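# Structural overview for review
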Amino acid sequence: MKGLAPLFLGIFGTFAFSWIGLTVVPNWQIGHLNPQADEEGTDIYPQPQSGMFERGAHVYAANGCIYCHSQQVRADYAAADIERKWGKRRSAPRDYIFEQPVFLGKMRVGQDIANIGARAPAEQASSAPAGAAAPAASPSGGTSPAASPAPQGGGSVAGSPAAKQAPNPSPAAQVGSPAPAAFPAAPGGSPAASPSSPAPKAPAAPAPKAPLSSPSPSAITNASPAASPSPAAGAPWPVQTAGEPPMYSAAWHHVHLYSPRSINVDSNMPSYRFLYEKRRIRDARSADALQLTGSDAPPEGWEIVPNFDAKCLVAYLMSLNQSHPLNEVRSVAGAPAAPAPAGSPPSPSPAPAK
Amino acid sequence: MNATGIPLKEPAISAVAGDTEQLERAYIDASTRVPVLMFYTSAMAWLILGTLLAGFVSFKLHSPDLLSDISFLTWGRVRPAHMNVMVYGWASMAGMGTAIWLMARLCRTVLRYPLLLVAGACFWNLGVLLGVGGILLGDSTGYQWLEFPGYAAIILFVAYTLVASWAVLMFRYRRGEQIYITQWYLLGAFLWFPWLYAAGQLMLFVVPVQGVLQSAVGWWYANNLLFLWFGAIALGTAYYMIPKVIGRPVYSYHLATIGFWSYALFSSWTGMQRLVDGPFPAWMITASIAATILTMIPVATVGLNHHMTMQGYFPLMRYSPTLRFTVFGAMSYTVFSVVGVLISLRSVARYVNFTQASIAYSHLGLYAFFTMVIFGSMYYIVPRLVGREWRYASLIKLHFWASAYGIGLMTLMLLAGGFLQGSSMEDPSLAFSESVETVLPYLRGRSLAGLLLTASHFIFAYHFGLMLLGLGRTSTVPTFLNPVEAEASGGH
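Fair warning: this is a prediction, and the values are worked out from it, not measured in the lab.

Helix and strand counts for chain A stand at nine helices and four strands. Its helices and strands taken in sequence order, chain A reads α-α-α-α-α-α-β-β-α-α-β-β-α from the N to the C terminus. Split into buried and exposed, the 354 residues of chain A put 55% on the buried side. Sequence separation of 24 or more characterises 71% of the internal contacts of chain A that already satisfy a separation of 6 or more.

In structure tokens form, the structure reads like this:
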């Protein structure tokens with residue numbers, strides 16, 4: 001080689017070629033996707049997350065969940081993911097447009113959890129059906145606040161998510177600007193305070209700034225001691241349903257994080273006890289205390305409660321839900337067995353891409 | 001040059017030019033002493049730390065309750081800590097140490113501006129320290145291979161700028177018009193790394209790309225780091241060490257040129273094959289699979305070149321530690337690339353994606369290929385820096401065999417385990433936990449391999465420490481693995 005110039009040019013050229021080819025061109029092709037909406041501009045999917053979800057995603061990153069769990073469902077012709085009931089359709093780029101960081105994952109020592117939130121029991125949280133039908137009411141990603149005790153006016157939020165949320169808040173408020181969705185739900189904010197905050201107004205009021213995302217996450221995970229008449233949401237074991245994968249409640253997640261082998265003896269997931277706090281019971285057992293049995297159970301007079309990070313993590317996990325159909329991806333037959341409300345697209349049936 | 005009659009000698013030129021050349025080389029070596037030893041010593045410290053973390057990670061994977069109550073020792077934090085210590089602490093620092101020494105030698109000029117390098121080493125150490133601390137305290141960014149939090153990344157970048165500007169300056173002072181093939185690789189590595197690192201950081205953290213493209217950028221970065229940074233340094237080193245030790249020029253310079261440019265062109269396009277069947281346009285993945293297959297061209301040319309250079313000289317591996325490690329590394333480059341092609345084919349990837357096989361692939365590249373070549377170069381360079389020869393041939397042999405068997409066993413365990421794990425996962429009639437059950441015995445085997453590697457690293461660190469303390473042999477003859485007489489008396 002004679003001079004340096006050709007060497008430099010070659011070194012730079014090969015690098016630039018690869019950089020443009022593998023990052024710039026894809027960015028031009030799929031780097032500016034918008035959420036999908038139906039003709040009326042409602043039923044928007046996906047929706048940005050904030051507040052506890054965002055913090056939960058950071059807990060997820062910090063503790064390396066990604067090194068064992070993937071969040072992507074491969075197509076039925078490529079792999080057995082769908083047969084394993086990890087999802088009803090393959091994941092598509094649009095599913096991830098609001099995620100930062102994105103946790104596709106490269107390892108499955110644990111199950112794929114792209115849809116773990118869709119497998120929450122119906123009375124709780126997002127759920128597959130609601131995801132298909134009416135998550136639009138809450139930019140918090142279809143995590144319906146059903147589990148919330150919601151002592152005040154918010155009681156109206158509880159109950160059938162689909163039915164209550166069908167009358168969407170002004171579509172314009174949502175389509176027009178992502179602002180309300182991105183509303184920062186005070187990650188550090190006192191969770192205990194949220195249920196009694198202005199939250200309950202949200203579903204009824206189309207106010208663009210309505211703190212939509214704030215109440216629901218906390219409602220799911222944080223049954224604040226004072227405000228919780230009902231026991232913590234759901235049972236700490238997966239609810240078995242015929243022909244479907246088991247359902248995972250928030251309580252199940254907490255017990256599983258605290259003591260994975262109490263749920264599945266073969267599991268090799270580490271326990272995350274450092275996200276939980278052991279404390280003496282004061283007046284009554286906290287509503288969010290873990291329902292532990294056997295050797296994991298705390299001594300009499302003590303209880304194990306999740307700290308804020310654990311609650312955020314579970315809120316985040318319960319928000320993982322790709323069950324909403326996408327136009328560009330074919331769903332498996334009968335995809336969302338949803339009580340479709342009037343406004344939603346009647347047919348989630350195969351809509352071939354391209 | 002050496003009276004023992006072993007054909008381990010300097011290249012022919014030195015015999016002609018005689019003492020001046022030799023003196024000049026000694027002078028250059030002396031000038032590289034402080035910076036190169038600084039990089040090497042730091043690298044060794046990171047290697048030991050990374051090894052301990054690796055053992056911890058490996059054991060925890062099949063014994064998950066070990067120390068799981070402590071947040072900073074949870075598996076999901078120790079694993080990236082191990083990975084980053086090895087990649088940025090050990091491999092990058094040792095690689096830079098070797099590259100600096102080679103640069104000075106090949107530019108045939110004494111090392112200038114050593115303070116740039118000293119400062120670079122200090123900042124780099126600081127960056128890795130902060131980064132690993134950040135990961136353990138829960139500050140990881142969540143992007144594989146780029147887990148270091150922002151504050152650490154900036155320090156690393158500053159440190160790197162110092163080192164790279166030194167390399168460019170050195171090039172201006174070089175003597176002689178010829179640019180040897182090793183310098184191409186080194187110059188490439190020194191320039192590719194900052195572009196790569198900057199592109200990765202910018203597209204993930206400063207102006208983040210949308211959604212899944214973050215994963216694409218992440219794996220593009222990871223694979224290019226493996227090839228254009230570590231691979232380029234290792235290949236450059238092998239191109240220097242093999243001819244140097246056996247005292248024979250590279251077989252074909254023409255082949256070397258083809259090898260370099262095809263390497264730069266094709267290996268930089270790999271990475272997306274790791275995202276096979278993911279939520280991406282199919283062309284991206286197909287392009288990377290094709291590029292991975294095309295990397296067989298540089299593999300073939302480089303492999304052929306090394307093989308033809310070594311032709312007839314393979315018995316020398318009995319004596320020279322440098323040659324033994326370097327040739328092992330160069331052969332592993334072929335294995336690494338072939339495995340890379342196999343696991344990227346869609347029909348195979350269906351099974352091995354999301355399994356331990358991808359861990360095997362990374363270890364083949366970073367350890368069996370890169371680290372072994374660097375070990376070899378350290379056996380060559382360190383005596384020239386401290387003015388002592390390695391003290392115990394037995395320790396070098398132990399180091400080699402523990403490393404070779406360790407990495408071989410680990411790769412086999414992870415590949416076989418990964419394939420079986422994937423097969424169980426692909427069979428929906430089996431419960432998911434079956435796939436984990438399947439792989440557990442292989443993970444225990446991996447832990448065993450890890451013990452071998454741990455032993456080898458401690459042996460090397462001890463030996464290296466002796467050299468640093470000036471406790472090596474004072475001798476003009478390098479330390480050979482086997483005494484020369486042994487061969488005469490019927491060694492086989």
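Next up on the list: the packing of helix H3 (residues 75–107) of chain B against helix H13 (residues 357–386) of chain B. All names here are of chain B. Running from N to C, H3 and H13 point in directions that differ by 45 degrees, and their axes come no closer than 10 Å. With respect to their mutual orientation, H3 and H13 come out oblique. The hand of the H3/H13 crossing is left-handed. Seen from H3, the contacting residues are Met-86, Ala-91, Ala-94, Gly-95, Thr-98 and Trp-101; seen from H13, they are Leu-366, Phe-370, Thr-371, Ile-374, Ser-377 and Ile-381. Residue composition of the contact of H3 with H13, by class: eight nonpolar, four polar and no charged.

Moving on: the environment of Asn84(B). All names here are of chain B. Mapping Asn-84 onto the fold places it in helix H3. Once the C-alpha coordinates of Asn-84 and Gly-131 are considered, the two residues, 47 residues apart in sequence, prove to be 8.3 Å apart. Excluding residues that lie within four positions of it along the chain, Asn-84 makes contacts with Gly-131, Val-132, Ile-135, Glu-147 and Phe-148.

Once that is clear, we can look at the interface of chain B and chain A. Accessible area lost upon the coming together of the parts is a frequently used measure of interface size. Opposite the 68 residues of chain B that make contact, chain A presents 60 residues. Those elements that provide at least two residues to the side of chain B that touches chain A are helix H2 (19–62), H3, helix H6 (181–206), helix H7 (213–246), helix H8 (253–267), helix H9 (282–294), helix H14 (393–426) and helix H15 (432–468) of chain B. Top element by residues in the side of chain B that touches chain A is H6(B). It accounts for eight residues. In terms of residue class, the side of chain B that touches chain A is built from 36 nonpolar, 20 polar and 12 charged.

In this section: the pairing of strand E4 (residues 302–306) of chain A. Residue and element names in this part refer to chain A. In terms of burial, E4 is largely enclosed, as four of its five residues are buried. Pairing of strand E3 (residues 276–280) with E4, which is carried by five bridges, proceeds in the antiparallel orientation. By the bridge assignment, Lys-278 is partnered in E4 with Ile-304.

A few words on helix H7 (residues 250–258) of chain A. A large share of H7(A) lies buried, amounting to nine of its nine residues. The complete set of buried residues in H7(A) reads Ala250(A), Ala251(A), Trp252(A), His253(A), His254(A), Val255(A), His256(A), Leu257(A) and Tyr258(A).

Another point: the confidence of the model for chain B. Parts of the model with low pLDDT should not have their predicted coordinates read in detail. All names here are of chain B. Residue-level pLDDT values for chain B average 91, and 95% of them are 70 or greater. Confidence over residues 1–16 falls short of pLDDT 50; this stretch has 25 contacts with residues more than four positions distant or in other chains. Below pLDDT 50 for its whole length, residues 486–492 participates in three contacts with residues either more than four positions away or in separate chains. Overall fold confidence (pTM) sits at 0.82, and the ipTM for the predicted complex is 0.90.

Moving on, we come to the nonpolar core. Counting 225 residues, the largest nonpolar core has Phe39(B), Met103(B), Tyr185(B), Ala189(B), Trp192(B), Ala216(B) and Trp229(B) as the members making the most contacts within it. Ranked by the residues each element gives to this core, the list is headed by H7(B), at 24 residues.

This part is about unusual backbone geometry. Residue and element names in this part refer to chain A. Here Tyr-45 and Pro-46 are connected by a cis peptide whose omega angle stands at -10 degrees. Mapped onto the elements of the fold, Pro-46 is located in the loop between helix H1 (4–30) and helix H2 (52–62). Backbone torsion omega between Gln-100 and Pro-101 reads -5 degrees, so that peptide bond is classified as cis. Mapped onto the elements of the fold, Pro-101 is located in the loop between H2 and helix H3 (128–133).

About the cut-offs
- Residues numbered from 1 in each chain as written.
- Chains lettered and ligands numbered in written order.
- Predicted model: local features only at pLDDT ≥ 70, side-chain atom pairs only at ≥ 80, totals over all residues.
- Helix = DSSP H or I, 4+ residues; strand = E, 2+ residues; numbered from the N terminus.
- Buried ≥ 20, exposed ≤ 12 C-beta atoms within 10 Å, placed from the backbone.
- Contact = placed C-beta atoms within 7 Å.
- Axes fitted to C-alpha atoms, helices over the stretch in contact; angles between N-to-C directions.
- Parallel < 35°, antiparallel > 145°, perpendicular 65-115°, else oblique.
- Left-handed = near helix turned anticlockwise from the far one by under 90°.
- Nonpolar A, V, L, I, M, F, W, Y, C, P; charged D, E, K, R; others polar.
- Pairing = 2+ DSSP bridges.
- pLDDT = per-residue confidence, 0-100.
- Core = buried A, V, L, I, M, F, W, Y, C linked by C-beta atoms within 7 Å.

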